[in-house]
2 protein chains.
Amino acid sequence: MIDLAFVPDRASPIPVYRQLGDALRALIDRGRLAAGVKLPATRELSVALGLHRNTVSRTYQDLVGEGYLTAHVGQGTFVARRPPQGVPRPASHDAGEVDAFVWPGLFARRVRDLAVPPSLRRVAAAARKVPMRYSFRGGQIAADALPERDLRRAFDRVVSYRLPELANLHEPRGYAPLRRAIAQHLVTRGIACGAEEVLVVNGSQQALDLLARVLLDPGDTVAVEEPGYFGATLAFSAAGANLVGVPVDAQGLRTDRLERVLQARRVKLVCATPSAHCPTSATMREPRRRALLALSDEHQAPIVEDDYDSELRYEGAPIPALKGQDPAGRVIYVGTFSKIVFPSLRIGYMVAAPALLEKLVLARWVADAQPPVVPQAALAELLASGALDRHVRRMRKLYAERRDAMLAALEASMPVGAAWSRPAGGHLVWVTLPPGTDPDGLLEAALAAGVEYTPGEAFHLDGRGREHLALCFTNLTREAIGEGVARLGEILRSQLARPRRRSER
Amino acid sequence: MIDLAFVPDRASPIPVYRQLGDALRALIDRGRLAAGVKLPATRELSVALGLHRNTVSRTYQDLVGEGYLTAHVGQGTFVARRPPQGVPRPASHDAGEVDAFVWPGLFARRVRDLAVPPSLRRVAAAARKVPMRYSFRGGQIAADALPERDLRRAFDRVVSYRLPELANLHEPRGYAPLRRAIAQHLVTRGIACGAEEVLVVNGSQQALDLLARVLLDPGDTVAVEEPGYFGATLAFSAAGANLVGVPVDAQGLRTDRLERVLQARRVKLVCATPSAHCPTSATMREPRRRALLALSDEHQAPIVEDDYDSELRYEGAPIPALKGQDPAGRVIYVGTFSKIVFPSLRIGYMVAAPALLEKLVLARWVADAQPPVVPQAALAELLASGALDRHVRRMRKLYAERRDAMLAALEASMPVGAAWSRPAGGHLVWVTLPPGTDPDGLLEAALAAGVEYTPGEAFHLDGRGREHLALCFTNLTREAIGEGVARLGEILRSQLARPRRRSER
């Protein structure tokens with residue numbers, strides 16, 4: 001407020017105190033100085049604006065007289081609760097309405113048709129209006145079981161002791177101690193790499209986007225899993241690539257079908273989630289892993305291994321990453337801390353062959369210079385102290401319980417004809433709705449009942465998948481999981497009991 | 001470590017304890033399990049890998065026998081300080097050397113020639129080897145005057161009390177309380193906008209990059225200041241745009257020259273830094289500001305107003321942003337907290353017409369989903385508490401002193417024929433070297449003497465500008481500024497005293 005940018009026009013016939021009054025009145029009319037806001041003292045404002053104090057006093061007095069401001073002795077001057085007459089919308093909005101016709105004509109070709117899947121927008125819009133009591137939306141962690149003490153300690157050590165050395169850091173590939181800690185962490189994924197082969201990114205989404213920038217020309221083909229992660233679809237589409245969906249089964253990406261695609265056309269990139277497929281949580285096993293690597297070799301098509309959910313395994317031995325079996329360096333590894341720390345931390349990483357990594361670092365410089373340093377340094381502390389390993393072990397136990405609760409709830413509440421995956425890892429259960437369900441009606445009724453989930457069509461390229469939904473089981477108690485799934489079951493049963501209003505697609 | 005991804009091949013004739021031994025040996029040989037690292041206890045590792053404890057014990061014993069591990073009673077098992085024989089390089093490096101020939105053939109056309117200015121790379125490489133005692137490199141803040149107590153309090157409040165509600169947040173346009181605080185903060189720049197018109201980005205670099213994505217097709221023309229900010233050049237070049245440099249003078253961008261460009265060709269975007277030009281720190285005044293807006297209107301060319309350094313003003317009244325004089329909504333405003341909090345915080349923002357902003361939000365979703373929430377929430381605290389305003393006032397005073405020290409040092413130490421800007425704002429002084437200087441030799445000798453700066457050619461499109469350099473005066477004490485500039489002066493004088501070894505370009 002002190003620096004309210006007001007430059008008096010000394011050449012104007014309008015006295016300066018009235019010019020200042022006009023400026024303040026306009027800000028109040030537009031709601032930019034909100035009712036009840038305290039104005040700077042006349043002395044402060046006059047110094048800041050280089051005006052005589054009497055000028056500011058006179059302006060204030062006028063506006064108090066007009067009812068724009070109220071003055072309280074010993075407290076100061078405030079914007080009145082009910083300004084005399086307000087212009088309802090700020091000027092920029094009016095301009096915006098005109099510009100709604102101008103701007104689209106200026107958009108780059110590749111972004112004209114770009115859009116988030118409508119079903120995701122619908123869920124997000126509903127949740128913005130009313131918080132959802134039963135949130136099965138994908139991509140969450142247990143907010144009730146955060147390692148809060150460890151996080152507090154890690155952030156505090158960084159902010160209290162290390163800021164002077166970190167404040168001016170410029171390291172596009174990421175904070176060096178974090179890259180070292182990630183390289184060490186990757187030993188647990190069967191990957192042997194050095195810190196110089198690691199690029200820290202803002203979550204796996206940035207990894208996918210940087211790959212799209214560096215490897216994809218418009219018209220290039222990318223093979224993606226279908227169903228598969230919509231963030232990958234968005235990143236590759238935005239680069240103008242053609243996406244070919246490859247079907248998945250209980251082991252994820254079907255390499256027999258991928259082979260047909262690779263034989264039929266030149267594929268620039270193959271995108272897969274072998275440890276825990278998104279959204280079915282299926283795990284790829286041998287010999288399919290070897291088949292995937294062999295296809296990549298034969299067709300010279302690099303593989304993006306999106307290992308986003310790999311640390312969450314509830315049964316059997318850990319599944320090593322494909323990258324560990326990749327002597328040719330053709331696998332581009334993408335990992336993230338979104339699912340084992342929290343998603344809004346926005347820290348992921350990539351491991352790639354040196355020649356590719358150098359270009360990715362450059363693309364990262366262009367995109368946003370470097371990752372923010374405070375979260376990186378705090379995460380490095382969490383990794384080095386062993387606190388993150390401890391947390392992951394606790395989360396495996398908790399999430400296994402919640403997965404079991406989800407599977408039991410589905411068993412208890414779903415109508416006949418529904419089916420679902422039984423994940424050994426990951427954070428999602430993939431549900432197939434009974435024939436005859438109305439997916440739009442289900443989503444509408446569920447949101448009204450405080451239940452949100454990710455609709456199946458969000459994971460498809462072409463509007464298919466409406467008979468599916470993905471349920472995240474990590475961020476609700478076992479009781480809440482039971483209640484939320486019961487609500488879904490009730491809606492489905494009432495749908496199936498009454499005559500269908502809409503034909504199925 | 002506990003989750004070392006090792007899957008025994010039960011069908012193999014090699015016993016499992018030897019398979020595990022091979023795996024550990026490989027990790028040690030490649031330096032992935034570093035000397036001195038403590039291994040998990042046999043019980044822990046056996047549970048984690050699903051092996052019998054005796055199997056793990058036998059592996060450990062063998063490796064101790066071979067000298068790979070050392071065992072200390074009561075302490076545990078460790079990687080030996082001197083493993084028997086190390087394979088010097090990890091396998092992925094060998095692959096990388098092969099792939100140095102393969103990957104470039106896969107690069108997208110638009111990134112093939114993309115590169116950070118070589119002079120910047122050179123400075124960064126030297127500074128990575130030896131920290132520079134006198135760092136005049138552009139883009140720094142006073143690391144010795146951070147608002148550490150306020151930052152500590154802000155981060156602690158967020159991490160201690162707010163994580164459960166923030167951990168699963170998904171808000172591509174930025175954390176709502178921060179957007180509200182930014183809209184309020186912009187009143188001080190003369191901009192009236194609502195929180196819904198603000199997009200939080202990872203520093204101004206991401207703002208420029210998102211604009212390039214959303215507005216630029218390959219071959220489109222962008223008019224940029226020359227000299228000007230290399231980050232803008234990188235972002236627009238990476239989108240395949242043609243850049244046209246418009247000369248600057250003591251008021252920044254020359255609108256007479258811009259007009260000629262706009263008459264000669266279709267320009268998609270005009271990029272300017274009217275409050276404090278990068279790198280000369282010149283301020284654009286009326287009537288040139290009105291001329292710039294009129295040109296934008298006449299030629300339907302949106303203006304990117306990069307206001308990155310505007311809060312740092314040492315003389316005269318604050319200069320309102322161009323955006324505040326823009327009823328048509330054709331100015332896209334870009335601001336940042338890099339210069340008033342610290343650069344590695346990575347928080348900037350944009351204000352744009354609603355139709356454009358929606359597309360920018362989508363591009364942001366594609367780029368990296370959303371900004372990290374902890375720094376955003378901490379910054380919102382800093383803004384709301386008034387701590388940031390207080391800090392900016394302190395920095396204005398400190399930086400004005402350091403600027404004066406810089407100007408005095410240049411006066412005292414520069415040889416005849418040198419010239420420099422006398423900035424009323426910003427963080428840089430732009431120096432013109434005397435005729436006959438060898439810029440490469442100067443940089444080399446300066447780096448060897450512990451002095452770094454940003455070479456002038458980094459701010460040009462075509463290798464020109466070698467007779468200039470930018471000196472940042474914010475992050476050194478007055479004494480250090482004097483010493484560093486004196487060293488530069490000595491090098492220059494010794495260069496001018498001896499016969500030239502290289503011809504000037």
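The following paragraphs examine the structure supplied in this document. (Residues numbered from 1 in each chain as written. Chains lettered and ligands numbered in written order. Predicted model: local features only at pLDDT ≥ 70, side-chain atom pairs only at ≥ 80, totals over all residues. Heavy atoms only, no water.)

### Some details on the overall build of chain A
As a reminder of what qualifies: Secondary structure counts use DSSP, requiring at least four H or I residues in a row for a helix and at least two E residues in a row for a strand, with both numbered from the N terminus. Note on classification: 1.4 Å probe, protein chains only; a residue is buried when its accessible area is under 20% of the maximum for its type, exposed when over 50%, partly exposed between these limits. Contact between two residues is taken to exist if any of their heavy atoms lie within 4.5 Å; hydrogens are not considered. Surface accessibility follows the Shrake-Rupley procedure with a 1.4 Å probe radius. Residue values consider only the protein chains on display as shielding. Asp and Glu count as negative and Lys and Arg as positive, but His and the ends of the chain are not part of the count. Charge coordinates come from a single atom per side chain, which is NZ of Lys, CZ of Arg, CG of Asp or CD of Glu.
Scanning chain A from N- to C-terminus turns up 17 helices and 16 strands. Projected onto its principal axes, the C-alpha coordinates of chain A cover approximately 85 × 60 × 50 Å. Here chain A holds 505 residues, and 63% of them are scored as buried. Put simply, of all contacts in chain A between residues at least 6 apart along the chain, 72% involve residues at least 24 apart. Of the roughly 19400 Å² of accessible surface on chain A, a fraction of 51% belongs to carbon and sulfur atoms. Of note, chain A has its 66 positive side-chain charges centred 3 Å away from the centre of its 55 negative side-chain charges.

### Some points on the pattern of salt bridges
Selection rule: Here, a salt bridge means any Lys or Arg side-chain nitrogen found within 4 Å of an Asp or Glu carboxyl oxygen.
One pass over the structure, following the stated rule, counts 60 salt bridges over all chains. Where B:Arg213 meets A:Asp209, a salt bridge forms, and the shortest distance between an N and an O atom there is 2.3 Å. In this pair, B:Arg213 sits in helix α10 (residues 203–215) while A:Asp209 sits in helix α9 (residues 203–215), so the two residues belong to two different chains. Exposure remark for B:Arg213: the relative accessible area of 10% places this residue in the buried category. Its relative accessible area of 4% is what places A:Asp209 among the buried residues. Between A:Asp217 and B:Arg109 there is a salt bridge, with the nearest N and O atoms lying 3.7 Å from each other. On the criterion of chain membership, the pair formed by A:Asp217 in the loop between α9 and β5 (221–226) and B:Arg109 in helix α5 (residues 109–112) is interchain, its members lying in two chains. Of the residues examined, B:Arg109 reaches a relative accessible area of 55% and is grouped as exposed.

### As for empty space enclosed by the protein
To keep things clear, this is the line we draw: A pocket, in this scheme, is an open set of points on a 1 Å grid over the protein atoms alone with protein on both sides within 12 Å along at least 5 of 7 lines, while a cavity is a set where a 1.4 Å probe fits but cannot get out; residues line either one if an atom lies within 4 Å of a point. Grid points are joined across faces, edges and corners, and a volume is the space filled by probe spheres set on the points. Residue polarity follows a fixed list, in which Ala, Val, Leu, Ile, Met, Phe, Trp, Tyr, Cys and Pro are nonpolar, Asp, Glu, Lys and Arg are charged, and the others, Gly among them, are polar.
Under the defined criterion, the tally for this structure stands at 15 cavities of 30 Å³ or more. Of the voids in this model, the largest cavity is the one considered here, and its volume is about 250 Å³. Looking at the lining of the largest cavity, the elements with two or more residues in it are α5 (109–112), α9 and α10 (230–238) of chain A together with α5, α10, α11 (230–238) and α14 (354–368) of chain B. Each residue belonging to the lining of the largest cavity can be placed in one class, and the counts come to 15 nonpolar, no polar and six charged. In this structure, the second largest cavity spans a volume of roughly 110 Å³. As for the second largest cavity, its lining consists of B:Val224, B:Glu225, B:Gly228, B:Tyr229, B:Ala232, B:Thr233, B:Cys271, B:Thr273, B:Asp306, B:Phe459, B:His460 and B:Leu461. Residue assignment for the lining of the second largest cavity shows that the elements contributing at least two residues are β5 (221–226) and α11 of chain B. By residue class, the composition of the lining of the second largest cavity is six nonpolar, four polar and two charged.

### Here's the deal with the relation of the copies chain B and chain A
What counts here: Copy-to-copy alignment: least squares on C-alpha atoms, limited to residues at pLDDT 70 or above in both.
Superposing chain B onto chain A takes a rotation of 180° combined with a translation of 0.0 Å along the rotation axis, leaving an RMSD of 0.2 Å. With respect to symmetry, the two chain copies, as superposed, fit the operation of a two-fold axis. Nearest to the rotation axis, the C-alpha of B:Asp156 is located 3.3 Å from it, this being the minimum over chain B. A shared binding surface is used by both copies, with 99% of the interface residues of chain B retained as interface residues in chain A.

### What about the nonpolar core?
To keep it simple, the criterion reads: Think of a nonpolar core as a cluster: buried Ala, Val, Leu, Ile, Met, Phe, Trp, Tyr and Cys residues, connected wherever their side-chain atoms sit within 4.5 Å.
A:Phe337, A:Phe342, B:Phe337 and B:Phe342 are the most contacted members of the largest nonpolar core, which totals 160 residues. In contact with B:Phe342, other than residues within four places in its own chain, are A:Leu163, A:Ala167, A:Val373, A:Val374, B:Ile141, B:Leu146, B:Leu151 and B:Phe337. Membership of the second largest hydrophobic core comes to 107 residues, among which are A:Leu199, A:Leu208, A:Val366 and A:Ala458.

### Concerning the pairing of strand β8 (residues 269–272) of chain B
The side chains of a regular strand alternate between both faces of the sheet. Residue and element names in this part refer to chain B. Applicable threshold: Strand pairing requires that DSSP identify at least two bridges connecting the strands.
Of the two faces of β8, the one holding Leu269 and Cys271 and the one holding Val270 and Ala272 are both buried throughout. Inspection of the sheet shows β5 paired to β8 by three bridges, in the parallel sense. Following the sheet pairing, Ala223 is matched in β8 by Val270. Relative to strand β9 (residues 303–306), β8 runs parallel, the two being bridged by three bridges.

### Describing the packing of aromatic side chains
Geometry of an aromatic ring pair is reported as the spacing of the ring centres plus the angle between the planes. Rules: Stacked, edge-to-face and tilted labels apply to pairs of Phe, Tyr and Trp rings (six-membered ring for Trp) whose centres lie within 6.5 Å, assigned for plane angles under 30 degrees, over 60, and everything in between, in that order. Any Lys NZ or Arg CZ that is within 6 Å of a ring centre and within 35 degrees of that ring's normal is treated as a charge sitting over the ring.
According to the stated counting rule, one finds 14 aromatic pairs over all chains in the structure shown. Here a set of aromatic residues connected by ring pairs shows up, and it is made of A:Tyr229, A:Phe230, A:Trp430, A:Phe459 and B:Trp365. Over the aromatic face of A:Tyr17 sits the side chain of A:Arg58, whose NZ or CZ is 4.0 Å from the ring centroid.

### Notes on helix α7 (residues 148–166) of chain A
Heads up, the condition is: Multiply 1.5 Å by the residue count of a helix minus one, and that product is the helix's expected span. The angle between axes fitted to the seven-residue stretch ending at a residue and the seven-residue stretch beginning at it gives the bend at that residue.
Across its 19 residues, α7(A) extends only 23 Å between first and last C-alpha, which sits more than 12% below the 27 Å expected from 1.5 Å per residue. By the largest-angle criterion, A:Ser160 marks the main kink of α7(A), which is about 50°, and a proline, A:Pro164, follows within four residues.

### Notes on the side chain of A:Ser46
Residue and element names in this part refer to chain A. Mapped onto the secondary structure, Ser46 falls in helix α2 (residues 42–49). Given the relative accessible area of 6%, Ser46 is considered buried. Contacts of Ser46, omitting those with residues within four sequence positions, involve Leu51, His52, Arg53 and Val56.

### Notes on the sheet that holds β5(A)
Residue and element names in this part refer to chain A. Quick note on the threshold: Working convention: axes come from line fits to C-alpha atoms, limited for helices to the stretch in contact. Angles between N-to-C directions cover 0 to 180 degrees.
On the basis of which strands lie adjacent, the open sheet formed by eight strands has the order β4-β11-β10-β9-β8-β5-β6-β7 and mixed pairing. Taken across any chain shown, the strands that pair with only one partner, and hence form the sheet edges, are β4 (198–201) and β7 (252–253). Taken together, the four bridges between β4 and strand β11 (residues 348–351) define a ladder with antiparallel strand orientation. Within β11, the residue paired with Val200 across the bridge is Tyr349. Strands β4 and β11 of the sheet are contacted by helix α8 (residues 176–185), whose axis makes an angle of about 110° with β4.

### Here's the deal with the sheet that holds strand β7 (residues 252–253) of chain B
Whenever strands of a sheet pair, they do so through backbone hydrogen bonds, lying parallel or antiparallel. All names here are of chain B. Read across the open sheet, the eight strands follow the order β4-β11-β10-β9-β8-β5-β6-β7; overall the sheet is mixed. Edge positions in the open sheet fall to β4 (198–201) and β7, since each of these has one partner strand only. Against the sheet, helix α9 (residues 176–185) contacts β4 and β11 (348–351), and its axis sits at roughly 110° relative to β4.

### Let's talk about the interface of chain B and chain A
Note the cut-off: When two components associate, each loses some accessible surface as probed by a 1.4 Å sphere; the sum of these losses over both components is called the buried area. Polar contacts, as counted here, are pairs of nitrogen or oxygen atoms within 3.5 Å of one another; within protein the pair requires one atom able to donate a hydrogen and one able to accept it, and residues that are adjacent in sequence qualify only if both atoms are side-chain atoms.
Opposite the 116 residues of chain B that make contact, chain A presents 115 residues. Across the chain B/chain A interface, buried area totals approximately 9800 Å², and carbon plus sulfur atoms make up 61% of it. At the surface where chain B touches chain A, the tally comes to four salt bridges. Here chain B and chain A share 30 residue pairs in polar contact (both at pLDDT 80 or more) between them. Examining the composition of the side of chain B that touches chain A, we find that nine residues originate from one element, α14(B), more than from any other. Of the residues in the side of chain B that touches chain A, the class split is 68 nonpolar, 20 polar and 28 charged.

### Side note on unusual backbone geometry
Residue and element names in this part refer to chain B. In this structure, Pro227 follows Glu226 across a cis peptide bond, with omega equal to 5°. Locating Pro227 in the fold gives a position in the loop between β5 and α11. Cis geometry is found at the peptide bond from Glu286 to Pro287, where omega equals 5°. Secondary-structure assignment places Pro287 in the loop between β8 and α13 (288–299).

### Remarks on the packing of helix α15 (residues 387–413) of chain A against helix α17 (residues 478–497) of chain A
Helix packing for two helices is described by the angle between their axes and how far apart those axes are. Residues and elements named next belong to chain A. Note the threshold: When an angle is under 35 degrees it counts as roughly parallel; over 145 it counts as roughly antiparallel; between 65 and 115 it counts as roughly perpendicular; any other value is oblique. It is the rotation of the near helix from the far one that decides the hand of a crossing: anticlockwise by less than a right angle makes it left-handed, clockwise makes it right-handed.
One way to put it is that α15 packs onto α17 with a least axis distance of 9 Å and a crossing angle of 25°. Considering their axes alone, α15 and α17 lie roughly parallel with respect to each other. Here the hand of the crossing between α15 and α17 comes out right-handed. Between α15, through Glu401, Arg402, Ala405, Met406, Ala409, Leu410 and Ser413, and α17, the contact on the second element is made entirely by Arg478, Ile481, Gly482, Val485, Ala486, Gly489 and Arg493.

### Considering the environment of B:Leu199
All names here are of chain B. Along the polypeptide, Leu199 turns up in strand β4. Given a relative accessible area of 0%, Leu199 falls into the buried group. As for Leu199 and Pro147, which are separated by 52 residues in sequence, their C-alpha atoms are 25 Å apart. When sequence neighbours within four positions are dropped, the list of residues in contact with Leu199 reads Pro172, Arg173, Leu210, Gly348, Tyr349, Met350, Leu357, Leu360, Val361 and Arg364.

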